[in-house]
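A look at the structure
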Amino acid sequence: MIRDRSDMTARVVALNSPEAGESRVGGTPAERVALVVELSAMLWARTGKPLPDYTRGTMPIVVTTLRASRDRS
């Protein structure tokens, strides 16, 4: 499947280059959380999928032990 990426812009630069600049986000903790919510919603919308309607208590997960996950490898 080929995705339309014509509106995406990106530039790869070395982390220690002047172009990389300061990557930390300023603001209060509440403002940073609001930014994460906004960015998450924007990125989810780009998937074209509906938001999940399950609750935290009914999330589709599997609870396992570290040992069991190592044994599967």
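Residues numbered from 1 in each chain as written. Predicted model: local features only at pLDDT ≥ 70, side-chain atom pairs only at ≥ 80, totals over all residues. Heavy atoms only, no water.

What about the overall build of the protein chain?
If you tally the helices and strands in the protein chain, you get two helices and zero strands. Taking 2.2 N^0.38 as the reference for a compact globule, 73 residues should give roughly 11 Å; the C-alpha atoms of the protein chain span a radius of gyration of 19 Å, well beyond that estimate. If one aligns the C-alpha atoms of the protein chain with their principal axes, the spans along those axes are about 45 × 40 × 30 Å. The buried share among the 73 residues of the protein chain stands at 1%. Total accessible area on the protein chain stands at roughly 7600 Å², and carbon and sulfur atoms take up 60% of it. Here the protein chain contributes 11 positively and 8 negatively charged side chains, and the mean placements of these two sets differ by 10 Å. (Helix = DSSP H or I, 4+ residues; strand = E, 2+ residues; numbered from the N terminus. Rg over C-alpha atoms; globule rule 2.2 N^0.38 Å. Buried < 20%, exposed > 50% of the residue type's maximum accessible area, 1.4 Å probe, protein only. Areas by Shrake-Rupley, 256 points an atom, 1.4 Å probe, with all protein chains shown as cover. Lys, Arg positive; Asp, Glu negative; His and termini not counted. Charge placed at Lys NZ, Arg CZ, Asp CG, Glu CD.)

Some remarks on the environment of A68
By the element assignment, A68 lies in helix 2 (residues 66-72). A sequence separation of 41 residues divides A68 from G27, and the C-alpha atoms of the two residues are 42 Å apart.

Notes on the environment of R24
Inspection of the secondary structure puts R24 in the segment before helix 1 (29-47). Exposure remark for R24: the relative accessible area of 71% places this residue in the exposed category.

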